[in-house]
Amino acid sequence: MSAEIIDGFSIAQQVRKQAADEAAELSRKGTTPCLAVVLVGENPASVSYVTAKEKALEEAGMKGKDIRLPQDTTEADLLQLIHDLNEDTSVHGILVQLPLPKHIDEDKVIMAIKPEKDVDGFHPVNVGNMMIGRKSYLPCTPHGVLVLLKTMGIATAGKHAVIVGRSNIVGKPLSVLLTRKEYNATVTVCHTGTKDLSSFTRQADILIAAAGSPAMISADMVKPGTVVIDVGVNRIPDSTKKSGFRLCGDVDFDAVKEVASYITPVPRGVGPMTIAMLMMNTVEAAKAAMEENA
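Parameters and conventions
- Residues numbered from 1 in each chain as written.
- Predicted model: local features only at pLDDT ≥ 70, side-chain atom pairs only at ≥ 80, totals over all residues.
- Heavy atoms only, no water.
- Helix = DSSP H or I, 4+ residues; strand = E, 2+ residues; numbered from the N terminus.
- Polar contact = N/O pair within 3.5 Å; in protein donor to acceptor, adjacent residues only side chain to side chain.
- Contact = heavy atoms within 4.5 Å.
- Phe/Tyr/Trp six-rings, centres within 6.5 Å; stacked < 30°, edge-to-face > 60°.
- Lys NZ or Arg CZ within 6 Å of the ring centre and 35° of its normal.
- Buried < 20%, exposed > 50% of the residue type's maximum accessible area, 1.4 Å probe, protein only.
- Pairing = 2+ DSSP bridges.
- Axes fitted to C-alpha atoms, helices over the stretch in contact; angles between N-to-C directions.
- Parallel < 35°, antiparallel > 145°, perpendicular 65-115°, else oblique.
- Left-handed = near helix turned anticlockwise from the far one by under 90°.
- Nonpolar A, V, L, I, M, F, W, Y, C, P; charged D, E, K, R; others polar.

Q: I would appreciate a short explanation of the side chain of T188 in the present structure.
A: Take T188: it is sitting in strand β6 (residues 186-190). Polar contacts involving the side chain of T188 include one to the side chain of H160, which spans 2.7 Å. When neighbours within four sequence positions are excluded, T188 is seen to be in contact with H160, A161, V162, I163 and F200.

Right under this line is the structure:
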């Protein structure tokens, strides 16, 4: 029996509608949520992500400050821009699209954003608050994964969640969040140093693939009935497509769906949730700013 497909696109639409409703309420009170999106250079994937974020803002009735800078922008100029956006009270959230050109230090840029405007949840203050369970902006992709599980009614308490990938953006924060009392999962994190990866993945009740390696999770690595969440987005050359490529995840979808109980597709799985959670974080930032100025 094939797995039930988790429709991330539809669930993301529900979250975006909630964000739009809350944004409209804030606007009626005189504060329209505003997100500044900064793109340096013209990386094709980054351009498409930024365009999607701007479209989502518009649909949610929020303001978007679209700032596109040339590839050769200096680190000093970018840091000055962030300083100006930090001081701009009409801007509630700041998102600098990663990756940045090699001559710019990403850590410096992340550190320069005020934690209260860091709607990506990457600033060490927000990461630290997340670690100890204090209120903070949660990183959008891990938070999106949790909302998918909750919406589908998939229990996490007492379950063994195995995460493949230890990035600061997905793997590490997701491992922390899943061990919180409200989720109560037992978590194993696997990575490039893990020996005999499949011996771990076959133990998973919930398997989360976030390694950035196309179709690395095969059917024989998954025990029957496992919930499989595929965070990977890989561009594979495909001459049959107009773009010259197709998207695929870290999971061999067609094979694994015959073994799993639930599975997310790529695209239309985790991806849409990332933008939806960004909209919610922007609304939260606007709420916090309004309360502070009340």
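Still to come is the rest of the account.
Q: Help me out: how do you make sense of the packing of aromatic side chains in this one?
A: If you walk through the whole model with that rule in mind, you get zero aromatic pairs. It is R268 that lies over the ring of F9; its NZ or CZ is 4.1 Å from the centre.

Q: How do you make sense of the pairing of strand β9 (residues 234-237) when you look at a structure like this?
A: Two faces make up the sheet, and in a regular strand the side chains alternate between them. With burial as the criterion, only one face of β9 is covered, namely that bearing N234 and I236; the residues R235 and P237 on the opposite face remain uncovered. Across four bridges, β9 lies against strand β10 (residues 245-248) in antiparallel orientation. The residue of β10 that forms the bridge with P237 is F245.

Q: Explain the packing of helix α2 (residues 44-59) against helix α10 (residues 271-293) to me, please; I cannot follow it from the model alone.
A: When two helices pack together, their arrangement is given by the angle between the helix axes and the distance between those axes. For the pair α2 and α10, interaxial distance at closest approach is 10 Å and the crossing angle is 50°. On the basis of the axis angle, α2 is oblique to α10. The interaxial crossing formed by α2 with α10 has right-handed handedness. Across from A52, K53, A56 and L57 in α2, the residues of α10 making contact are I275, L278 and M279. Counted by class, the contact of α2 with α10 contains six nonpolar, no polar and one charged residues.

Q: Which parts of the structure should I look at to understand the sheet that holds strand β1 (residues 4-5)?
A: Sheets are built from strands paired through backbone hydrogen bonds, the pairs being either parallel or antiparallel. Pairing is parallel in the open sheet, where six strands are placed in the order β1-β11-β8-β7-β5-β6. Edge positions in the sheet fall to β1 and β6, since each of these pairs with one other strand and no more. Here four bridges tie strand β5 (residues 160-164) to strand β7 (residues 206-209), and the two strands are oriented parallel to one another. Bridge assignment links A161 to a residue of β7, and that residue is I206. With respect to the sheet, helix α7 (residues 171-178) is in contact with β5, β6 and β7, its orientation differing from that of β5 by roughly 170°.

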